[in-house]
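What follows is the residue order along each chain.
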Amino acid sequence: MRMTPDVDASARRTKTVSAGDIAMSCRVRLARNLSDERFPDWATECDRERVFAKVRAALETEKTGATLEPVASFDAQHLEMLREAHLISKDLLEHAAGGGIARLEKSQVCMMVNEEDHLRIQGFSFGLDMQTAWQRADQLDTLLERQLNYAWSPRFGYLTACPSNVGTGLRASAMVHLLGLRLLGELEAVVRGLERMRLLVRGIGGEGSEAAGQIYQISNMDALGVSEETIVQRVARISGEVVRQEHNARVRLVQEMPLVLMDCLARSLSVLQNARLLSTVEALEFLSAMRLGAALGFFTRLKVFDIDKLILLMQPGHMQQGMKTSLMSEERDEVRAGFLSRKLAHVKLKG
Amino acid sequence: MKCEMCHQVEAETVVHKTIEGEILELFVCQECARRESRRDVPHPPLPHDNGEDGVSAVPLMGMILDAAFEIVGKSINREETACPVCGISRGEYRKRSRLGCPACYEAFSKDLEAAISDLHRATQHTGKTPEKAKAAWQRQQLLNALDDAVKGQRYEEAIILRDQLGKLGGDESAKGRLAP
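Residues numbered from 1 in each chain as written. Chains lettered and ligands numbered in written order. Predicted model: local features only at pLDDT ≥ 70, side-chain atom pairs only at ≥ 80, totals over all residues. Heavy atoms only, no water.

### Some thoughts on the overall build of chain B
Going by this rule: Helix and strand assignments come from DSSP, with helices taken as H or I runs of at least 4 residues and strands as E runs of at least 2, each series counted from the N terminus. Burial classification: accessible surface area is computed with a 1.4 Å probe over protein chains only, and a residue below 20% of its type maximum counts as buried, one above 50% as exposed, and the rest as partly exposed. Should any heavy atoms of two residues lie within 4.5 Å, those residues are counted as being in contact.
The helix and strand tally for chain B stands at seven helices and two strands. When each of the 180 residues of chain B is scored for burial, the buried share is 31%. Intrachain contacts of chain B at a sequence separation of at least 6 include 38% that bridge at least 24 residues.

Right, here's the structure in full:
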C-alpha cells in the first residue's frame, strides 16, 4: 500500500518563508568612462595603464578608503574566489592589462577598472534592499566624478562601450532562488512575464550563463530615458512580486505535492551525504533543493544561511583556497563530495 | 545586435550588398536575409510584362525597393567613415559590438539612434547629471559654435559666444579663437 503523506503535518511544520530566503542579494552597477580615453576593448596597454593611474589618483584624492589594486597583483585562486562571490566578472580577468579592483568592504562596494567600461562601480546589499545598494554605488560615483572627467552627453547620458548600457549606465539586479516555481512548472510563464515588462532574467553567473540551482538574476533592460531611482524602485518592486509568487509556489508545493517535495529533499540530502564525486553544477542542483528544504524548515539543524555558505565554499576557487593547494578537476570533485558529506553529516530530514 | 535592416529582431546572419560599387556587410535577421536573397534572383517575366513599356507590377515594385535601398545604402556609406578621434570604422565596431571611444556616439550617430531606440525604447537621458561633465560638454559646444562663427565671419555672434564661454570660466582656450 502506498503511503499518503500527512499533508497537515507537512503544513504544520512548515516555517514561514521570509523574503530573504528567496531573494538572496542585490546589486546596483554603474558603468562609467573617461571622456578623453578609448574604451578598454580598443585601448592599448598604455591607454589602460593611464586610465588605471587616473582612477587610482582620484580614489586617493577623495580619501575614499579604497585602494585600487592591479588584477595582475592577485593570484589566480584569489581572483577566482572574487569571481565566485560575484564581486568581479570573467570579463575583467580576460582584460588583465590595466585591469584593477578596488574594494570598500565596510560599505559593500567593489569597483572594477578597465573591464568592458573604464569603471564598473558595484554596490551590494542583502535581500531586495536595492535602495541601499544604489546609494552605496552612487556615493562612490559622486566622489569620483569630482576628480575624473566622465564621458557624458545631455542626450545619451553616460557614454558606455556598449550602447545597451548608455544613459544611466545602471544595472540593478536581484538574485533570487526560484526552485518552487520550477518544480510546479510555472517558472517559464513568470520569466516570459518579466521579459514582457522589459526585465532581463539570467542565470547565476550573469550574461550568457545557465540558471544552475534555479538561482536567477532579475535586472533592468532599459538604462536610458528613466531615472536611476525609478529603475531601482521598479526592479525591486517587480522582484518583490516574483518573491511573492515563489513564496506561494512553496506553500502550494507543501500542500499539494508533499510527496514530490519530500522525495526531492530526501534524494538531495542522500546524494550530498554519500556521493564520492560531485561537480560544481551537480552539487549546486542538490544544494538548491536543500536550500528550499531549509527555508521550509524541513531539516534539523540547517539554516538557509548554512547552505548559502556551502554554495560559495564548494566552488573551485574557495575549495582550493581551503585546501591551500591547486587541484585537478576530478580531484576537486572528490574533495567537494567529501567536504559536503562532512558538512551535512549531522543533518536529518524531519518527520 | 539588432538586424540592421528592420531594426526589430536580433541579427542572426550576414549578407553582402553591393552599393555604388562598394561591398557592404550587413548583420541581419533571417527574414531580411531571405528577402535580400529573393531580391538577388532575377524575376521571371510575367505574362503581362512585355518588357517594352516597362509599366508592370514587378519592375515597379523593384524600382521602389531599389530606391529605398539606395537611400539606406547612402546612409550606410556615410557611416562607413571612421570615428575622427579613435579611428574605429563602423564595420569594426559592429563586429565587436563595442564602440571605440566616447566620440563614436557622435561619429556613428545615425546608426546609433536606431540601435539605442531599439535597445532602450528611449533616446533622451533623464537621469543623473555630473556637474563637471555637463560643464565640459557645454564648453565644447560653445567652442564648436565659436569656431563655426569665426569661420563664417559672423563676428557679432562670435563675440556673444566668447562672452558665454568667459562666464563658464576655467579655460583660456576661447581667447585665441577670436582676436579683438
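### Brief notes about the overall build of chain A
The condition that has to hold: Where accessible areas are quoted, they stem from the Shrake-Rupley method and a 1.4 Å probe; at the residue level, only the protein chains shown are allowed to cover. Neither His nor the chain ends is counted toward charge; the positive residues are Lys and Arg and the negative residues Asp and Glu. Working definition for charges: the position is that of NZ of Lys, CZ of Arg, CG of Asp or CD of Glu.
From N to C terminus, chain A includes 14 helices and ten strands. Taken along the three principal axes of its C-alpha coordinates, chain A extends 75 × 45 × 30 Å. Taking all 351 residues of chain A together, the buried fraction comes to 56%. In chain A, once contacts between residues fewer than 6 apart in sequence are set aside, the share between residues at least 24 apart is 70%. Accessible surface for chain A amounts to roughly 15,200 Å². Of this, 52% is attributable to carbon and sulfur atoms. For chain A, the centre of its 45 positive side-chain charges and the centre of its 45 negative side-chain charges are spaced 5 Å apart.

### Digging into the interface of chain A and chain B
Let me state the cut-off plainly: Accessible surface is computed with a 1.4 Å probe, and the buried area is the amount of it that two parts give up when combined, taken over both parts together. Any Lys or Arg side-chain nitrogen located within 4 Å of an Asp or Glu carboxyl oxygen qualifies as a salt bridge. Only Asp, Glu, Lys and Arg are considered charged in this grouping, and only Ala, Val, Leu, Ile, Met, Phe, Trp, Tyr, Cys and Pro are considered nonpolar; every other residue, Gly among them, is considered polar.
Taken residue by residue, the interface counts 45 residues in chain A and 33 residues in chain B. The largest share of the area that chain A buries against chain B comes from Trp42, Trp152 and Arg155 of chain A, three residues that together contribute 23% of it. Run the count over chain A and chain B and you get five salt bridges. A salt bridge links lysine 128 of chain B to aspartate 138 of chain A, with the shortest nitrogen-to-oxygen separation between them at 2.5 Å. Every element with two or more residues in the side of chain A that touches chain B is listed here: helix 6 (130-145), strand 6 (152-153) and strand 7 (157-158) of chain A. No other element matches the four residues that helix 6 of chain A contributes to the side of chain A that touches chain B. In terms of residue class, the side of chain A that touches chain B is made up of 19 nonpolar, 13 polar and 13 charged.

### A word on the packing of aromatic side chains
Note the threshold: Pairing of aromatic rings covers Phe, Tyr and the six-membered ring of Trp, with a centre-to-centre limit of 6.5 Å; geometry is then stacked below 30 degrees between planes, edge-to-face above 60, and tilted otherwise.
In total, this model carries three aromatic pairs over all chains according to the counting rule given. Between tyrosine 150 of chain A and tyrosine 158 of chain A, the ring centres sit 6.1 Å apart and the planes meet at 75°, which makes this aromatic pair edge-to-face. Judged by its relative accessible area of 3%, tyrosine 150 of chain A is buried. Centroid distance phenylalanine 156 of chain A to tyrosine 105 of chain B: 6.0 Å. Interplanar angle 45°. Geometry classified as tilted.

### Let's talk about unusual backbone geometry
One non-glycine residue, histidine 86 of chain A, lies in the positive phi region at around 65°. For histidine 86 of chain A, the location among the structural elements is in the loop between helix 4 (76-84) and helix 5 (90-94). Overall, histidine 86 of chain A belongs to the partly exposed group, its relative accessible area being 24%. The phi torsion at arginine 121 of chain B lies on the positive side, around 55°, for a residue other than glycine. Arginine 121 of chain B gets classed as exposed once you look at its relative accessible area, which sits at 61%.

### Structural notes on the packing of helix 11 (residues 280-296) of chain A against helix 12 (residues 304-313) of chain A
Residue and element names in this part refer to chain A. Test applied: All axes are obtained by fitting lines to C-alpha atoms, using only the stretch in contact for helices, and the reported angles, taken between N-to-C directions, cover 0 to 180 degrees. Should an angle fall under 35 degrees it is called roughly parallel, over 145 degrees roughly antiparallel, and 65 to 115 degrees roughly perpendicular, with every other angle called oblique. When the near helix sits turned anticlockwise from the far one by under a right angle, the crossing is termed left-handed; a clockwise turn instead gives a right-handed crossing.
In the contact formed by helix 11 and helix 12, the axes pass within 8 Å of each other and the chain directions differ by 165°. As summarised for this structure, helix 11 and helix 12 are arranged roughly antiparallel, according to the angle between their axes. Where helix 11 crosses over helix 12, the handedness of that crossing is left-handed. Residues Leu284, Leu287, Met290, Arg291, Ala294 and Ala295 of helix 11 touch helix 12, and the partners they reach there are Val304, Ile307, Asp308, Leu310 and Ile311. A breakdown of the residues in the contact of helix 11 with helix 12 according to their chemical character gives nine nonpolar, no polar and two charged.

### Points about the confidence of the model for chain B
All names here are of chain B. Keep this limit in mind: As a per-residue measure, pLDDT reflects the predictor's confidence and takes values from 0 up to 100.
Mean pLDDT over chain B: 71, with 62% of residues reaching 70 or higher. In this model residues 40-73 is a low-confidence stretch, pLDDT under 50, and it forms 17 contacts with partners more than four residues away in sequence or in other chains. Across the interfaces of the predicted complex, the ipTM metric reaches 0.84, alongside a pTM of 0.77.

### Notes on the pattern of salt bridges
This model, assessed by the stated rule, comprises 26 salt bridges over all chains. When the shortest N-O distance is used, the salt bridge between arginine 50 of chain A and glutamate 37 of chain A registers 2.9 Å. Of this pair, arginine 50 of chain A sits in helix 3 (residues 45-61) while glutamate 37 of chain A sits in the loop between strand 1 (23-32) and helix 3, and the two are 13 residues apart along the sequence. Here arginine 50 of chain A falls in the partly exposed class, since its relative accessible area comes to 37%. Here arginine 120 of chain A ties to glutamate 116 of chain A by a salt bridge, and the two come within 3.4 Å at their closest N and O atoms. Here the salt bridges share partners, and the residues they tie into one network are Asp41, Glu115, Glu116, Asp117 and Arg120 of chain A together with Arg98 of chain B.

### Describing the confidence of the model for chain A
For chain A, the average pLDDT comes to 90, and 92% of its residues sit at 70 or higher. Throughout residues 1-8 of chain A the model reports pLDDT below 50, and contacts reaching past four residues in sequence, or to other chains, amount to six contacts.

### Details of the domain arrangement of chain A
Residue and element names in this part refer to chain A. We apply this condition: Domain delimitation in this document rests on an assignment produced automatically or drawn from a domain database. Pairs of N or O atoms are called polar contacts if they sit within 3.5 Å, as long as, within protein, a hydrogen donor faces a hydrogen acceptor (for residues adjacent in sequence, only side-chain-to-side-chain pairs).
In terms of domains, chain A is made up of domain 1 (22-247) and domain 2 (257-343). Facing the 15 residues of domain 1 at the interface are 18 residues of domain 2. Between domain 1 and domain 2, roughly 1,500 Å² of surface is buried when both sides are summed, and carbon and sulfur atoms account for 65% of that area. Taken as a group, Gln77, Met81 and Glu84 account for 36% of the area that domain 1 buries against domain 2, more than any other trio of residues on that side. Taken together, the connections running from domain 1 to domain 2 amount to zero salt bridges. The interface formed by domain 1 and domain 2 holds six residue pairs in polar contact (both at pLDDT 80 or more) in total. Broken down by element, the side of domain 1 that touches domain 2 gets its largest block of residues, four residues, from helix 4. A per-class count over the side of domain 1 that touches domain 2 returns nine nonpolar, four polar and two charged.

### Things to note about the pairing of strand 8 (residues 170-177) of chain A
Residue and element names in this part refer to chain A. Applicable threshold: Strands qualify as paired when DSSP identifies two bridges or more between them.
Taken across its eight residues, strand 8 has eight buried, putting it largely inside the fold. The two faces of strand 8 match: Leu170, Ala172, Ala174 and Val176 on one face and Arg171, Ser173, Met175 and His177 on the other face are all buried. Inspection of the sheet shows strand 8 paired to strand 10 (residues 215-220) by five bridges, in the antiparallel sense. For methionine 175, the partnering residue across the bridge sits in strand 10 and is glutamine 217.

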